[in-house]
Amino acid sequence: MVTEAMVAVQPVRRRSLVEQATSELSRLIASGEWPVGSRVPGEVMLSRQLGVSRPTAREAMRALITTGQLETRHGLGTIVVSATPLPALEQRLRRAAIAEVYEVRAALEVEAAELAAQRRTPEDVDRMRHALAERDAATSAAELVEADLKFHTAVVAAAHNNVLVEVFGSFLGALRNAAEDIVADSTLRTPDEVAAVEAAHHALVDAIADGDADAAVVATRRNVHATLVRLRGEMQSVGQRDPSELDNHASSRRS
């Protein structure tokens, strides 16, 4: 006779719709029905095919972007880039690289915010508020990234420093790639932190409009702080890895 002490029975857990949708997308990729290099359907079409809401379909795609199987590319949509999830180490390496981009972003945007508060014109403020409204109205990850970049470009323009504008413009490609990964990776920010970022954007515009340079700097730092802390944790984690493991990882990627 089997007694309770002899067998450790694990409780059955009901899977959420997001988990089920993610599992189905993984199956499509693993089976080759969505081969590497193919473009996946948009949120509207995908939600219909899966029989779920758009937010559920969006979260499922974000989950596979996080694992490195999907990638959002500007002007192309979401592309299958790997038939299998990336190893945990490679995911950490990607986050470490994003952290470096965000450190540069923070430095540029803090300076831009301070100067913008001192030099903005009414037209500058109008452009920032218009871009912020577009950001608030974004309904997809791609729309959010583009609207966010448009907003921060408007802030930089309001600084009225030609060199800063040129440097930020040359940096947009790297920033776009990093922002796409950040938006897709739901583990990097809690819902409360996402809400705080939204509030920080509005606070930034208000501070610039009011000519309050100190408040503009504070709002900008609030915008990137929580994400940057987590990304720096990944940098530290990678830095503490056995160098031979990193060498083996690099060799396997080249082969």
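Rules of the game
Residues numbered from 1 in each chain as written. Predicted model: local features only at pLDDT ≥ 70, side-chain atom pairs only at ≥ 80, totals over all residues. Heavy atoms only, no water. Helix = DSSP H or I, 4+ residues; strand = E, 2+ residues; numbered from the N terminus. Buried < 20%, exposed > 50% of the residue type's maximum accessible area, 1.4 Å probe, protein only. 1 Å grid on protein atoms, 1.4 Å probe; cavity = no way out; pocket = protein on both sides within 12 Å on 5 of 7 lines; lining within 4 Å. Points joined across faces, edges and corners; volume = space filled by probe spheres on them. Pairing = 2+ DSSP bridges. Expected span 1.5 Å × (residues − 1). Axes fitted to C-alpha atoms, helices over the stretch in contact; angles between N-to-C directions. Parallel < 35°, antiparallel > 145°, perpendicular 65-115°, else oblique. Left-handed = near helix turned anticlockwise from the far one by under 90°. Contact = heavy atoms within 4.5 Å. Nonpolar A, V, L, I, M, F, W, Y, C, P; charged D, E, K, R; others polar. Salt bridge = Lys/Arg side-chain N within 4 Å of Asp/Glu carboxyl O.

### Comments concerning the environment of Ala106
Here's step 1: Within the fold, Ala106 resides in helix α4 (residues 88-119).
Here's step 2: You can call Ala106 buried: its relative accessible area is 15%.
Here's step 3: Remark: the alpha-carbon pair of Ala106 and Asn223, spanning 117 residues in sequence, is separated by 8.9 Å.

### Details of the layout of surface pockets
Here's step 1: Of the pockets and cavities examined, the second largest pocket occupies roughly 330 Å³.
Here's step 2: If you trace the second largest pocket, you find 20 residues lining it, with Thr72, Gly77, Thr78, Ser140 and Ala142 closest to the centre.
Here's step 3: Looking at the lining of the second largest pocket, the elements that each hand over two or more residues are α3 (54-66), β1 (70-73), β2 (77-80) and α6 (141-158).

### Considerations on unusual backbone geometry
Here's step 1: If you check the backbone angles, His160 has positive phi at about 55° while not being a glycine.
Here's step 2: As for its placement among the helices and strands, His160 is situated in the loop between α6 and α7 (162-184).

### Some thoughts on the pairing of β1
Here's step 1: Here β1 shows a clear split, with Leu70 and Thr72 buried on one side and none of Glu71 and Arg73 buried on the other.
Here's step 2: The pairing of β1 with β2 spans 4 bridges and is antiparallel. In the strand pairing of β2, Glu71 is matched with Ile79.
Here's step 3: Linkage of β1 to β2, two consecutive antiparallel strands, is achieved through a turn of 3 residues, within which Gly75 is found at a positive phi near 85°.

### Some points on the environment of Ala99
Here's step 1: With respect to the secondary-structure elements, Ala99 resides in helix α4.
Here's step 2: Considering only alpha carbons, one finds Ala99 and Arg232, 133 residues apart in sequence, at a separation of 6.0 Å.

### Notes on α6
Here's step 1: Compared with an ideal rise of 1.5 Å per residue, which puts 18 residues at 26 Å, α6 spans 26 Å between its outermost C-alpha atoms and is within 8% of the ideal.
Here's step 2: For α6, every residue scored as buried is listed here: Ala141, Leu144, Val145, Ala147, Asp148, Leu149, Phe151, His152, Ala154, Val155, Val156 and Ala158.
Here's step 3: Just beyond α6, the residue with positive phi is His160, at close to 55°.

### Let's talk about the packing of α6 against helix α8 (residues 191-210)
Here's step 1: It is the contact of α6 with α8, at a shortest axis distance of 12 Å, that shows an interaxial angle of 20°. With respect to their mutual orientation, α6 and α8 come out roughly parallel. α6 and α8 meet at a crossing whose hand is left-handed. In contact with Asp148, Phe151, His152 and Val155 of α6, α8 contributes His201, Leu204, Val205 and Ile208.
Here's step 2: Tallied by class, residues from the contact of α6 with α8 come to 5 nonpolar, 2 polar and 1 charged.

### Some thoughts on the pattern of salt bridges
Here's step 1: Counted according to the given criterion, the structure contains 13 salt bridges.
Here's step 2: The partner of Arg27 in a salt bridge is Glu24, with the nearest N and O atoms 2.7 Å apart. Separated by 3 residues within a single helix, Arg27 and Glu24 lie in helix α1 (residues 17-30), roughly one turn from each other.
Here's step 3: The salt bridge involving Arg127 is made with Asp124; its shortest N-O contact spans 2.7 Å. Linking Arg127 with Asp124, this pair stays in helix α5 (residues 122-137), spanning 3 residues, or about one helical turn.

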